Protein chains: 2
Amino acid sequence: MIRIPRDYIIYSFSRRYTARYRARPGDRIVFETLDALGGQIIDEGVSLESIDWSRVNPATGPLYVEGAEPGDTLVVEIESIEVSDRGVILVVPGFGALYDKSFRSRAKIVEIRNGVLLFNGVEIGVRPMVGVIGVAPEDGDIPTGTSGYHGGNMDVKLLSAGARVYLPVFVEGALLAIGDLHAVQADGELCVAAAEVSGEVQVKLDLIKGRRPRYPVIETPDRYAVITFGVDLDEAVYRASEEAVSILSRALNTGFEEAYMLSSLIVDIRVNQVVDPVKGVRAEIPKKFIRIDHLLYP
Amino acid sequence: MIRIPRDYIIYSFSRRYTARYRARPGDRIVFETLDALGGQIIDEGVSLESIDWSRVNPATGPLYVEGAEPGDTLVVEIESIEVSDRGVILVVPGFGALYDKSFRSRAKIVEIRNGVLLFNGVEIGVRPMVGVIGVAPEDGDIPTGTSGYHGGNMDVKLLSAGARVYLPVFVEGALLAIGDLHAVQADGELCVAAAEVSGEVQVKLDLIKGRRPRYPVIETPDRYAVITFGVDLDEAVYRASEEAVSILSRALNTGFEEAYMLSSLIVDIRVNQVVDPVKGVRAEIPKKFIRIDHLLYP
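Conventions and cut-offs
- Residues numbered from 1 in each chain as written.
- Chains lettered and ligands numbered in written order.
- Predicted model: local features only at pLDDT ≥ 70, side-chain atom pairs only at ≥ 80, totals over all residues.
- Heavy atoms only, no water.
- Domains from an automatic or database assignment.
- Contact = heavy atoms within 4.5 Å.
- Buried area = accessible area lost by both parts, 1.4 Å probe.
- Salt bridge = Lys/Arg side-chain N within 4 Å of Asp/Glu carboxyl O.
- Polar contact = N/O pair within 3.5 Å; in protein donor to acceptor, adjacent residues only side chain to side chain.
- Helix = DSSP H or I, 4+ residues; strand = E, 2+ residues; numbered from the N terminus.
- Nonpolar A, V, L, I, M, F, W, Y, C, P; charged D, E, K, R; others polar.
- Axes fitted to C-alpha atoms, helices over the stretch in contact; angles between N-to-C directions.
- Parallel < 35°, antiparallel > 145°, perpendicular 65-115°, else oblique.
- Left-handed = near helix turned anticlockwise from the far one by under 90°.
- Least-squares fit on C-alpha atoms with pLDDT ≥ 70 in both.
- Expected span 1.5 Å × (residues − 1).
- Buried < 20%, exposed > 50% of the residue type's maximum accessible area, 1.4 Å probe, protein only.
- Core = buried A, V, L, I, M, F, W, Y, C linked by side-chain atoms within 4.5 Å.

I keep staring at the domain arrangement of chain A and nothing clicks. Help me out?
Accessible area lost upon the coming together of the parts is a frequently used measure of interface size. Residues and elements named next belong to chain A. The assigned domain composition of chain A is domain 1 (2-213) and domain 2 (218-295). Averaged C-alpha coordinates put domain 1 and domain 2 at centres separated by 23 Å. Each partner contributes residues to the interface: domain 1 has 27 residues there, and domain 2 has 21 residues. Taken together, the two surfaces of domain 1 and domain 2 that pack against each other cover about 1,900 Å², and 58% of this comes from carbon and sulfur. Counting every contact that joins domain 1 to domain 2 gives three salt bridges. Between R211 and D293 there is a salt bridge, with its nearest N and O atoms 3.7 Å apart. Our count for the contact surface shared by domain 1 and domain 2 stands at seven residue pairs in polar contact (both at pLDDT 80 or more). Every element with two or more residues in the side of domain 1 that touches domain 2 is listed here: β14 (147-148) and β16 (164-168). By residue class, the composition of the side of domain 1 that touches domain 2 is twelve nonpolar, nine polar and six charged.

Set out below in structure tokens:
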């Protein structure tokens, strides 16, 4: 078992990093992760003005995957997620869905015990998930706080244990990194933070050679979800719709019109988050109607 | 049992209509409904250019509810929905999520049998729902093809048998109308139509006096969903977030900051449709955390 420690981190996805850790398809790897605030918030009294914002959104990695080449798909199965027994949530004026409201900066520490998060005495069932998972893009440095074709800070609540992520590979070795665990997050992530926790994620890797998806894809027991993004939700939904119709057209071997009709009946458009640098949605298609082949392109 | 026939229809929600049918709280009423195309598409060969577009989106009603006054809430429990054995789906260039793609107008007739819709040989489980349900607004005529504070063409897939709708009352008698049944629709309603069917809906009415919600609310077995709208999805999500945070603030008797944080953990922002004159989303809040009181205002 390869274990990547939580002090081995990056703040952007980029081909310029040399990976210290290497794995092969079939390997299991544990990523130890810091929370999204880089562990800087240790009590509620901390002034958010004193936070070093260049140290937020760390992702553990990168990991070089032997045999991964541009045009392939890196398959990451999330086998288990363990989270710390305390989380932090924060609100900052100018951020989140209600960015223009007048309110005070505030950090809140919450306890997590026996699968339950306590928020002012209210019990919330914990459902650990991965916020950031991605690979190096073709070009440039993409901050770990945002998302794109390479994955990144997707903040999708489907990314819990048992899910499988299909990431397009752009560079040799893929350069996978994972971080930003959430003990619990609802669709939307309205206040800009979830219950941010440190922890560890165990994954199992696989490769599909010579074909890759246009966008990251998440597989759950009954669905494939295509993860898209945009400067606003309408752009993100347009991309999700376009890709879903393309997938159905291939799956049913039918023209645009029929695939477009069918999408109205079986493709659920869902919100991931509305608060990161680009907003994110997903097109969920039941596995009953498509196979993974229909989401991969030469 | 009051039965309202499907030839008693309106094309807008307005206080100017005199209701021929009257009911009291506690009554059960059956609304017979036409499909969203007004039954005009009888075979796939019909030219969509020959459709009379002034006869689409009919809603059956209005029904006058005794005792309903401005400031009250009309509660409509959907007890059962029966749909016809054939549905129609259509795509029209310029409409739907992919409004700018080049494609041909097309209508498709689909068979519905034993709870299954057949689409090119693909079996899709049927889940009948109500597309249009609303009351007369304070002022003006609001076409039945769009949605707003009064309800209307919300196209929310939660509106199936067993759901309860809370509509704010703006005029004496409320003037309820219902139409636009869908045999099945996914979140988003991407192509602009769902599986459009005629049928009948049985509802049971109730009134809450002196308090009403800001937006229509749908109650399911485990959640309350606040239905909001906007010229784009971002506006609709802003409204949904604002109202959800207001509700949590009342429910937990806490300030904005705490309610905003909590919303990130428990309020799911979901898409209803992205294709009607205004786009629609919902904020889903588990019943575990709030009571209906927290959604109603004096």
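Having seen it, we continue.
How should the packing of helix α1 (residues 233-252) of chain A against helix α2 (residues 256-266) of chain A be read in this particular structure?
Each pair of packed helices can be summarised by the angle the axes make with each other and by the distance between the axes. Residue and element names in this part refer to chain A. Look at α1 against α2: their axes get within 8 Å of each other, and the N-to-C directions meet at 110 degrees. Our classification of the angle between α1 and α2 gives roughly perpendicular. By crossing handedness, the relation of α1 to α2 is classed as right-handed. Contacts from V245, L248, S249 and L252 in α1 reach F256, A259, Y260, L262, S263 and I266 in α2. A per-class count over the contact of α1 with α2 returns eight nonpolar, two polar and no charged.

Would you mind going over the relation of the copies chain B and chain A with me for this structure?
The operation relating the two chain copies consists of a rotation about an axis and a shift along that axis. For these two chains of identical sequence, chain B goes onto chain A by a turn of 180 degrees and a shift of 0.0 Å along the axis, with RMSD 0.0 Å. Taken together, the rotation angle and the small translation identify this as a two-fold axis. Counting the interface residues of chain B, we find that 100% of their copies in chain A are interface residues as well, pointing to one common contact surface.

Looking at this structure, I do not really get helix α1 (residues 233-252) of chain B. What am I missing?
Within an α-helix, residues lying three or four positions from one another point in the same direction, as the helix has 3.6 residues per turn. Between its terminal C-alpha atoms α1(B) stretches 28 Å, which fits the 28 Å expected from 20 residues at 1.5 Å a residue. α1(B) sits mainly inside the fold: 14 of its 20 residues count as buried.

Can you walk me through the interface of chain B and chain A in this structure?
Residue-level contacts link 63 residues of chain B with 63 residues of chain A. Summed over both partners, the interface of chain B with chain A comes to about 5,400 Å²; 63% of that surface belongs to carbon and sulfur atoms. Counting the surface chain B buries against chain A, the share from its top three residues, B:Y260, B:M261 and B:L265, is 15%. Here chain B and chain A share 14 salt bridges between them. At the surface where chain B touches chain A, the tally comes to 42 residue pairs in polar contact (both at pLDDT 80 or more). Top contributing element to the side of chain B that touches chain A by residue count: helix α2 (residues 256-266) of chain B, with ten residues. Residue composition of the side of chain B that touches chain A, by class: 37 nonpolar, eight polar and 18 charged.

Sorry if this is basic, but what is going on with the nonpolar core here?
With 216 residues, the main nonpolar core has A:L117, A:L176 and B:L117 as its most contacted residues. If sequence neighbours within four positions are ignored, B:L117 has contacts with A:L265, B:V110, B:E111, B:I112, B:V122, B:E123, B:I124, B:V126, B:A183, B:V184 and B:A195.

Would you mind going over α1(A) with me for this structure?
Looking at where α1(A) begins, the residue whose side-chain oxygen comes 3.3 Å from the main-chain nitrogen of A:D234 is A:D232. Downstream of α1(A) by one or two residues, A:N253 has phi in the positive range, about 50 degrees.

How should the packing of α1(A) against α1(B) be read in this particular structure?
For the pair α1(A) and α1(B), the least separation of the axes is 7 Å and the interaxial angle reads 120 degrees. Side by side, α1(A) and α1(B) meet where A:L233, A:D234 and A:V237 of the first sit next to B:L233, B:D234 and B:V237 of the second. Within the contact of α1(A) with α1(B), the residues separate by chemical class into four nonpolar, no polar and two charged.

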